[in-house]
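Listed below, chain by chain, are the residues.
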Protein chains: 2
Amino acid sequence: MTELPQLKNKITIAGSGPVGAMLAIILSRANYQVDVFESRPDPRTHIAQQGRSINITLSERAWAALAIIGIDKKVRQYATPLYKRVFHGQDGIISEQNYGKKNQAIWSISREKLTDILISQAEQEAQVNLHFEQRLTYVDFSTACSSFSYLKAGRKGHKEIDADYVFAADGAFSKVRRLAQETPRFSYSQRYMKQSYIELTISPNKDGSSKLSPHASHLWPRKGFLLIALPNNDGSFTCTLYLNYQGPISFSSLTSAKAVEDFFLHHFTDVMPLLESPVTEFLNKTPSPLFLVSVDPWVINNKVALIGDAAHAMLPFYGQGLNSSFEDCHVLAKLIKLYRDDWLKILPAYYLQRKKNNDAISKLSNDYFTEISSLDDNIDEQLNKKIAHQFALKYPELWPSLDQMVSFSPDISYVKAREISVAQKSIMAEIMQIKNIHQCWQEDHIYQELEKMALTRLAPLLK
Amino acid sequence: MTELPQLKNKITIAGSGPVGAMLAIILSRANYQVDVFESRPDPRTHIAQQGRSINITLSERAWAALAIIGIDKKVRQYATPLYKRVFHGQDGIISEQNYGKKNQAIWSISREKLTDILISQAEQEAQVNLHFEQRLTYVDFSTACSSFSYLKAGRKGHKEIDADYVFAADGAFSKVRRLAQETPRFSYSQRYMKQSYIELTISPNKDGSSKLSPHASHLWPRKGFLLIALPNNDGSFTCTLYLNYQGPISFSSLTSAKAVEDFFLHHFTDVMPLLESPVTEFLNKTPSPLFLVSVDPWVINNKVALIGDAAHAMLPFYGQGLNSSFEDCHVLAKLIKLYRDDWLKILPAYYLQRKKNNDAISKLSNDYFTEISSLDDNIDEQLNKKIAHQFALKYPELWPSLDQMVSFSPDISYVKAREISVAQKSIMAEIMQIKNIHQCWQEDHIYQELEKMALTRLAPLLK
């Protein structure tokens, strides 16, 4: 007769988004009793509010985490592979950039669909209880006891939940984090960008085909603003327009149909006819803010831990937000095994590993945003990239691209990826100092010099 | 028959610290109806809690603000002039640095005394009502209506206060600011330093004289920690020990009387016998955190404005915290006159002027802390200072010291002071590149070169 394994600790998770749901599955399978509380209704029976979702991109870090809970294949059925970025210049010129090697793709999926799959899976787990429309009101950071309010038959109710640990997976606007701000020595920053965003749509053609090349992300970078389109499985594209909230060209200043129409006609000439009533949408939608969160520490009294956007909301432009959050869950799963359920070791190790890596990817996302919104009209910058690209073709092992490391190499940490990228930039800055580089850039000695520097300065990092 | 002037808007001030009280006086005299709410009891009848106060230093910016409300003379009776910093090395070597020119002093005063004077003055103003032990619970950021809770005969009461504007003068841990975090696009950061602090005391000698030179601030900078002593009027000194909260040498690790005694004996040999039971005090007191606040914007809906530490809590080491906060009040007083009570102009102008200046002094305070806690064992740094000092003696107009600008020149904004200081540093960095500078630093050509650079790069900033 086999004994039933004894249930281990009781864990409360705030938030049933993709991160909360994945975490619930992982913890339940590690034999913990898990209660997930969500202030919103069950998303599978309610239509989501506008503005909640940018289409999500999944790369290898996300797939690795989805694989350990066995739902990667299911998710992939609803995702669309993207092999490249397509840049649409204002002059109509199109340029392309592959994300990775041949056949390497990142995948686009709607946030709603991904959440549905994860919540449905969580619901089937033996030790997960999901509680929707229950709003967290209080956390005792020394006991991990928390309180929730809810409506029942129109009357307000209230309950207290005991637990051994609380995970805050309640997103960029985390309530747990807001309460944590009043705990001693909790450093916190929320920074709003000047830009806000709205979503726009490109419908499929009548025959179901796409109006833009379907297996690519499309970008219209303009100085100070940006339009991005990500394909869906049905041939449509979800587009996001990033634009200053205030100022001369902004959501606040473009208030008449004429002004908005002129704006699209002038800056987005090629894509304007493809967009679904962009002028009406622009005028009717409320722009959502773009903001960054940084927190220290992530673990309070070894009782309450932050995870996902609650700990590290970052800019979306590098498409790593959810990848990084799923990696939080993945690392936690590994640490639970490694330390055999000793939470006095698990939580500090989780914080130590994930804080620095999320700081790194957040910085990379900021850098990418600066790069993309400044446009490459600088001829030095263009040559710099050309030389690096040429060299990478010859020595791919010695000169991995940042995309390659971040999106396709989950074994390379974000910290390491950033270190390598910083070293590459410093090497290229020296190469650009070579006399007459604009004339001699194709000559062999440039690439010999580059190889020498890469061998001494990059190779040790790549080990 | 003279008409009574009509009362203008109604203004709520949260917080009756020195800033709230000064602001109340200014607004009342500009003929506004002012209600000041404070969660604590009246400090004039209650003894303050431990840990609330570092002795405060007042320099010319503070005096200028105190002068416009006519209480500078009264305050000065309770303040002690400090003409210099005295550095006590671990080896017992003492060095001195004047704050300014001969007879220029900054002034030390207890926070409690200063607050008492300001509150008593506010109480005498025609249109100020002070409400103690009333805790702010809610602010409506679109209407400037706010709510307060209080105890009356042991029962909890609650009231709502209508106003035209709310000023948050409720300090570094501002409740108004915490509520403002939930308003749209409010960027906010609170950063805790590794160091915390406790207060210690040096009593006067039996004859009332001081145990250290009385008209000076005393510093014991050690790598990673720091003791500061500021004189009081009665011959005593209020000391503050800044030390890491955690780590090998920290408040958390020094837990036995023996360890604490060894710590003082080793690092503060000369001052240990002067301190009032430092070991007991160290073991019994709860260290207070050191932290920085940065906020953007300071004005919400043109209805609620932050002022003082609520808007810009900074490191205390440069002694400018309250000077800068009083300058906030002073600038506001000028803007009310300039814009003739047009608050649609006053508040945006206040934010524009004060935000950048407080950012500048906060950065200068951080830099000073880095400088003081790294100690000058670098011979390049020492020579750098020697040359600059030599030059400043020759050309005081061309090379004002940072102290001179920050503490004694209220007409030079903090932004300008920082620009000049940055320019000085860059000039000195070039001077230090001169070949054999360690040999030739006293030669004329060095100072001619310096003069040339100062004339072209500093003089335009000094205009």
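As recorded by an unreviewed UniProt entry, chain A carries the name Monooxygenase family protein and is attributed to Colwellia psychrerythraea. UniProt, in its Cofactor (unreviewed entry) section for chain A, records the words "FAD".

Residue and element names in this part refer to chain A. As assigned here, chain A comprises domain 1 (10-79 + 110-190 + 292-364), domain 2 (191-289) and domain 3 (376-462). The centre of domain 1, based on its C-alpha atoms, is set 30 Å off from the matching centre of domain 2. Taken together, the contact between domain 1 and domain 2 spans 16 residues of the former and 17 residues of the latter. Summing both sides of the interface, domain 1 and domain 2 together bury roughly 1400 Å²; the carbon and sulfur share of this comes to 53%. Linking domain 1 with domain 2 are 0 salt bridges, by the criterion used here. Counting every contact that joins domain 1 to domain 2 gives 4 residue pairs in polar contact (both at pLDDT 80 or more). Looking at side-chain class alone, the side of domain 1 that touches domain 2 contains 8 nonpolar, 8 polar and no charged residues.

The subject of this paragraph is unusual backbone geometry. Residues and elements named next belong to chain A. Here the residue pair aspartate 296 and proline 297 is connected by a cis peptide bond, since its omega of 0° sits within 30 degrees of zero. As for its placement among the helices and strands, proline 297 is situated in the loop between strand E17 (288-296) and strand E18 (299-300). With phi around 30°, serine 277 is a residue other than glycine that occupies positive phi space. If you trace the backbone, serine 277 turns up in the loop between helix H6 (257-267) and helix H7 (278-284). A relative accessible area of 41% means that serine 277 is categorised as partly exposed. A positive phi angle, close to 65°, is found at aspartate 341, a residue other than glycine. Counting through the fold element by element, aspartate 341 comes out in the loop between helix H9 (321-338) and helix H10 (343-374). By relative accessible area, which is 26% here, aspartate 341 ends up partly exposed.

A separate point is the interface of chain A and chain B. With 16 residues of chain A at the interface, the matching set in chain B holds 16 residues. Carbon and sulfur atoms make up 39% of the surface buried where chain A meets chain B, a total of about 1400 Å² over both sides. Here chain A and chain B share 2 salt bridges between them. Note that Arg178(B) is salt-bridged to Glu182(A), the shortest N-O span being 3.2 Å. At the boundary of chain A and chain B, one finds 15 residue pairs in polar contact (both at pLDDT 80 or more). Elements that contribute at least two residues to the side of chain A that touches chain B include exactly strand E13 (187-202) and E17 of chain A. Top contributing element to the side of chain A that touches chain B by residue count: E13(A), with 7 residues. Of the residues assigned to the side of chain A that touches chain B, the class counts are 6 nonpolar, 6 polar and 4 charged. As defined by bridge partners, E13(A) adjoins strand E13 (residues 187-202) of chain B across 3 bridges and the pair is classed as antiparallel. Among the inter-strand pairings, Ser189(A) is bridged to a residue of E13(B), identified as Ser189(B).

All names here are of chain A. Overall, the coordinates contain 35 salt bridges over all chains when judged by the stated rule. Notably, a salt bridge pairs aspartate 42 with arginine 44, separated by 2.7 Å at the nearest N-O pair. Note on arginine 44: relative accessible area 26%, which makes it partly exposed. Here the salt bridges do not stand alone but share partners, grouping Arg61, Glu327, Asp328 and Arg354 into one network.

All names here are of chain A. With respect to topology, 6 strands assemble into an open sheet ordered E8-E2-E1-E12-E19-E18, the strand pairing being mixed. Edge strands, defined here as strands with exactly one partner in the open sheet, are strand E8 (128-131) and E18. Two strands pair when backbone bridges link them, and strand E12 (residues 165-168) and strand E19 (residues 304-306) are joined in this way by 3 bridges, in the parallel orientation. What sits directly across from alanine 168, in E19, is leucine 306. The sheet strands contacting H10 are strand E1 (10-14), E12, E18 and E19, and the helix crosses E12 at an angle near 20°.

Next up on the list: the UniProt feature "domain: FAD-binding" (unreviewed entry) in chain A. Feature annotation in UniProt assigns "domain: FAD-binding" (unreviewed entry) to the following positions: residues 10-183 and 302-340 of chain A. In residues 302-340 of chain A, helix accounts for 56% and strand for 8%; the two terminal C-alpha atoms are 16 Å from one another.

Residue and element names in this part refer to chain A. Scanning the model with the defined rule gives 45 aromatic pairs over all chains in all. Between phenylalanine 263 and phenylalanine 268, the ring centres sit 5.8 Å apart and the planes meet at 75°, which makes this aromatic pair edge-to-face. The buried category is assigned to phenylalanine 263, whose relative accessible area is 4%. Taken together, the ring pairs connect Phe225, Phe251, Phe263, Phe264, Phe268 and Phe282 into an aromatic cluster.

The rules behind these values
- Residues numbered from 1 in each chain as written.
- Chains lettered and ligands numbered in written order.
- Predicted model: local features only at pLDDT ≥ 70, side-chain atom pairs only at ≥ 80, totals over all residues.
- Heavy atoms only, no water.
- UniProt positions renumbered as here; feature names shortened; annotations may be inferred.
- Domains from an automatic or database assignment.
- Contact = heavy atoms within 4.5 Å.
- Buried area = accessible area lost by both parts, 1.4 Å probe.
- Salt bridge = Lys/Arg side-chain N within 4 Å of Asp/Glu carboxyl O.
- Polar contact = N/O pair within 3.5 Å; in protein donor to acceptor, adjacent residues only side chain to side chain.
- Nonpolar A, V, L, I, M, F, W, Y, C, P; charged D, E, K, R; others polar.
- Helix = DSSP H or I, 4+ residues; strand = E, 2+ residues; numbered from the N terminus.
- Buried < 20%, exposed > 50% of the residue type's maximum accessible area, 1.4 Å probe, protein only.
- Pairing = 2+ DSSP bridges.
- Axes fitted to C-alpha atoms, helices over the stretch in contact; angles between N-to-C directions.
- Phe/Tyr/Trp six-rings, centres within 6.5 Å; stacked < 30°, edge-to-face > 60°.

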